[in-house]
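One letter stands for each residue in the lines below.
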Amino acid sequence: MPTDYGIKEVDVKHTLDEAMNLLSKIFSNTERHLEVIVDNDWLCHLVENSLILTLFRKLKLRSIDIKIVVKIDKNNANYSKRLTKFSEIRHSDDVEGCSFRNEQSYCFCHFSENGLSELDRQIEPLEKLTQVFYVDNRNFVNQQDSLFKHLWHDSIPAREKITEIEKSVMEIILNHQPKSKIKVNSNEMLFRIVESCVDQILILIPSTDLFWDFYNSNLLISIARMLVKDVTVKILIHLEDGHKAVKDEIRYKLKELSQDLDINTNFFSKKIPQLHLSIIVDNVVLVEIDYKNEGLILSKKELDPIVSFSISDTRVSSSTSVFDILWIQSDFERQNKIKQTYFDIFKGFNMKSENYSRDWNFEKKRNK
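Computed from a predicted structure; not experimentally measured. (Residues numbered from 1 in each chain as written. Predicted model: local features only at pLDDT ≥ 70, side-chain atom pairs only at ≥ 80, totals over all residues. Heavy atoms only, no water.)

K.L.:
An account of the overall build of the chain is needed here, citing residue identities and associated values.
P.N.:
Secondary structure summary: the chain contains 12 helices and 14 strands in total. Within the chain, the proportion of its 368 residues that are buried is 41%. Long-range pairs, those at least 24 residues apart, make up 76% of the contacts in the chain between residues at least 6 apart in sequence. (Helix = DSSP H or I, 4+ residues; strand = E, 2+ residues; numbered from the N terminus. Buried < 20%, exposed > 50% of the residue type's maximum accessible area, 1.4 Å probe, protein only. Contact = heavy atoms within 4.5 Å.)

K.L.:
Describe the side chain of Lys-247, naming the residues involved and giving the relevant values.
P.N.:
Note on placement: Lys-247 falls in helix H10 (residues 244-258). Lacking a salt bridge, the buried Lys-247 has Asp-248 as its closest oppositely charged neighbour, with an N-O distance of 6.5 Å. Contact partners of Lys-247, with chain neighbours within four places excluded, come to Leu-239, Phe-267 and Lys-337. (Lys, Arg positive; Asp, Glu negative; His and termini not counted. Salt bridge = Lys/Arg side-chain N within 4 Å of Asp/Glu carboxyl O.)

K.L.:
Outline the nonpolar core, listing residues and values.
P.N.:
In terms of nonpolar packing, the biggest core is built from 37 residues, with Phe-56, Ile-68 and Phe-100 touching the most fellow members. Among residues more than four places away in sequence, those in contact with Phe-56 are Leu-34, Val-36, Ile-66, Ile-68, Leu-83, Phe-86 and Phe-100. If you look at the next biggest cluster of nonpolar residues, it comprises 34 residues, including Ile-201, Val-233, Phe-267 and Ile-279. (Core = buried A, V, L, I, M, F, W, Y, C linked by side-chain atoms within 4.5 Å.)

K.L.:
An account of the packing of aromatic side chains is requested, with residue identities and associated values reported.
P.N.:
Counted by the stated rule, this structure contains nine aromatic pairs. An angle of 25 degrees between the planes, with centres 5.8 Å apart, marks the rings of Phe-148 and Trp-152 as stacked. In this pair, Phe-148 and Trp-152 both sit in helix H5 (residues 138-154), four residues apart, roughly one turn of the helix. Plain terms: the ring middles of Trp-212 and Tyr-215 are 5.7 Å apart, the flat faces sit at 85 degrees to each other, and that makes the pair edge-to-face. Of this pair, Trp-212 and Tyr-215 are both found in helix H8 (residues 208-215), three residues apart, which corresponds to roughly one turn of the helix. Through pairs of rings, three or more aromatic residues link up here, namely Phe-27, Phe-56 and Phe-100. Taking NZ or CZ as reference, Arg-90 lies 5.5 Å from the ring centre of Trp-152, over its face. Taking NZ or CZ as reference, Lys-234 lies 4.5 Å from the ring centre of Trp-327, over its face. (Phe/Tyr/Trp six-rings, centres within 6.5 Å; stacked < 30°, edge-to-face > 60°. Lys NZ or Arg CZ within 6 Å of the ring centre and 35° of its normal.)

K.L.:
I'd like to hear about the environment of Phe-148, residue by residue, with values.
P.N.:
Residue class for Phe-148 comes out buried when judged on its relative accessible area of 5%. A C-alpha to C-alpha distance of 8.9 Å links Phe-148 and Val-69, two positions 79 residues apart in sequence. Once residues within four sequence positions are removed from consideration, Phe-148 is found in contact with Glu-35, Val-36, Ile-37, Lys-67 and Val-69.

K.L.:
Tell me about the sheet that holds strand S11 (residues 264-268), residues and numbers included.
P.N.:
Spatially, S11-S10-S9-S12-S13-S14 is the arrangement adopted by the six strands of the open sheet, whose pairing is mixed. Both edges of this open sheet fall to S11 and strand S14 (306-310), since each of them pairs with a single strand only. Strand-to-strand twist of the sheet, defined as the mean angle between neighbouring strand axes without regard to direction, takes the value 15 degrees. Pairing geometry for strand S12 (residues 277-281) and strand S13 (residues 285-290), over five bridges, is antiparallel. Bridge pairing links Ser-278 to Glu-288 in S13. (Pairing = 2+ DSSP bridges. Axes fitted to C-alpha atoms, helices over the stretch in contact; angles between N-to-C directions.)

Printed below as a string of structure tokens:
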């Protein structure tokens, strides 16, 4: 038997940019489903590549099912969250490289490390060579489907893994034991918690006076910056009746602060017994800020409001539920006000419901 019997090793090398273009082109014809496996090294490149995101977006608009298994850690959690907009994502520790599979084709890519000199290892990511293995044999593709199903079954939901990561990060921050004698105050912890957010920040403000204290703080600037990382920010503010001018001013100030990025803001009229401002970060940690002295703003100075933290699942879940209920009520209030505005407009024209009929000549001729 000859020593070279069988299929020779596939050794097709592309730059990272070329590999991404190839993936986008091959899987643009997906008709039923797309399955993706991606490790930590590849995840950021996928998310930052406009062609790949465009591919996912187009497939979603065509109602094509996209499933992605990714190895999630604290460094790539935000990238994973961005993919949840287009697909269903699960976490597994046992993934390597990057593979795409649809009903017709299978493609596997990984970075080529063989034969690279130390100088080659310092090249830019887009110039880094990747090995690409592509197969369109239907039997092989179907076999990969069985392997993916087993991996999918053994993995866990991405949201569960991200929450686990976030909770461990929050515990480290809240249980901070400095080696030096420098004391880390509660506001510094708060800034660290906000800056570690990967998903969403919910802010409940029980009065407009508290909002202006909050608006003048450095914390709101940090939160506005988080929007660049695709963090969702929702601010819910209690507003007394007849304070429309204040509402317009608040919306203008927030829009000015976030520039072209949106901070979702709602107003509610129902009074609540809460007197402090509360912030929920990633549904993991609850922060309560109590402004004891009027006019005192949140800053990194010595005289600060009292800030408390909790990572109790019960307290965080309860506060999130209250926020969600008030948010829904505020949506209803806004819709009712819009309906009332249109009702008043049409009422001014003294309009009434009328039915009209017309006899068409051709129908008369046909009936004769």
